[in-house]
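Results of the structural survey
The residues making up each chain are set out below.
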Amino acid sequence: MPPRILIIEDNPANLELMVCLLESYGHVPMMAEDGETGFEIIKREQPDLVLCDIQMPGLSGYQLARLMKSDPALRKIPLVAVTALAMVGDKEKGLDAGFDGYISKPIESRTFVAEVEAFLGITRTDEPAATASAVAKAKPSKKKYLKMLAVDDLRQNLQLLESLFGSHGYKVMTATGLQEALATAREWVPDIVVSDVSMRDGNGYDMCHNFKANPSLKHVPIVLITSTDCDEPSRKRGLAAGASRYLFRPLDSTTLLAEVEACLAKSR
């Protein structure tokens, strides 16, 4: 039976990234967005491992660690801090509170799963690869040459897109803003673009206009995703600018993959 791993994290992007990575390698993630909910799940489910942020509203990671380690039924469950705290003494404070280990943020998608598995006593002897079920879903004979340009100014969102679509047979290039995305697309014409609406040097609407004005890029479908412009006028503006899809966050990985696949199928 694959390990069950509880993730307690109040940042939706970080939570989504960790879930996606762990699912890709055959683990069974459970989720909680605050310490109180997380502790109830720990008592009820007794997972194989707990990944926990330290700074959370309500019950903090330190408090949760003390509760777990004071309970004979729970103290043997490995508890790992996943945190951006980097001051001198932070790691020692976490270990003193009861954490069994420490993984630093920002999460590194290439090493995260191996770091987690080390606390479960799992040692990989080869490069991490997607699970058989993920490979089966990928249908690589149809997708392995598809190129995706992912655009977002948040590193964790780019990591999520790289992990999700990379494990499904796509070659993913990334950009953190409008001008970088346009320069990358001119040199490396993608089959599809998945982009946040908000950017440091423009927005997704501008990118749609630029793509549609360029003869070599105007055929490329663009999927816009947003957590800020989540209203019908903004959606209509995005579609009018040339976007093939305009999606609101929060958005689970399965839905995003299905939307991209449908978008590609329609463009062929």
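The structure this text deals with has already been given above.
I will try to describe carefully the structure that is included in this document. (Residues numbered from 1 in each chain as written. Predicted model: local features only at pLDDT ≥ 70, side-chain atom pairs only at ≥ 80, totals over all residues. Heavy atoms only, no water.)

Take the overall build of the protein chain next. Each helix and strand counted, the protein chain has 12 helices and 12 strands in total. Considering the protein chain as a whole, with its 268 residues, one finds that 50% of them fall into the buried category. When contacts within the protein chain are restricted to residue pairs at least 6 apart in sequence, those whose partners lie at least 24 apart make up 65%. Within the structure as shown, the protein chain displays about 13,000 Å² of accessible surface, and the carbon and sulfur contribution to it stands at 53%. (Helix = DSSP H or I, 4+ residues; strand = E, 2+ residues; numbered from the N terminus. Buried < 20%, exposed > 50% of the residue type's maximum accessible area, 1.4 Å probe, protein only. Contact = heavy atoms within 4.5 Å. Areas by Shrake-Rupley, 256 points an atom, 1.4 Å probe, with all protein chains shown as cover.)

Below, the discussion takes up unusual backbone geometry. Cis peptide bonds are those with omega within 30 degrees of zero, and the linkage from arginine 249 to proline 250 qualifies with 0°. Relative to the helices and strands, proline 250 is located in the loop between strand E12 (245-248) and helix H12 (253-267). Despite not being glycine, glutamine 46 shows a phi value in the positive range, around 45°. Note on placement: glutamine 46 falls in the loop between helix H2 (35-45) and strand E3 (49-52). Under the relative-accessibility criterion, glutamine 46 is labelled partly exposed at 39%.

Before going further, it helps to spend a moment on the pattern of salt bridges. As enumerated under the stated definition, the model contains 11 salt bridges in all. Between aspartate 100 and lysine 69 there is a salt bridge; the shortest N-O distance is 3.0 Å. In this pair, aspartate 100 is assigned in the loop between helix H4 (90-97) and strand E5 (101-104) and lysine 69 in helix H3 (residues 61-69), connecting sequence segments 31 residues apart. In this structure, arginine 245 engages glutamate 259 in a salt bridge whose closest nitrogen and oxygen atoms are separated by 2.9 Å. Of this pair, arginine 245 sits in strand E12 while glutamate 259 sits in helix H12, and the two are 14 residues apart along the sequence. Here the salt bridges do not stand alone but share partners, grouping Arg4, Arg44 and Glu45 into one network. (Salt bridge = Lys/Arg side-chain N within 4 Å of Asp/Glu carboxyl O.)

So, to be careful, I would describe these as geometric facts and stop short of saying anything about function.
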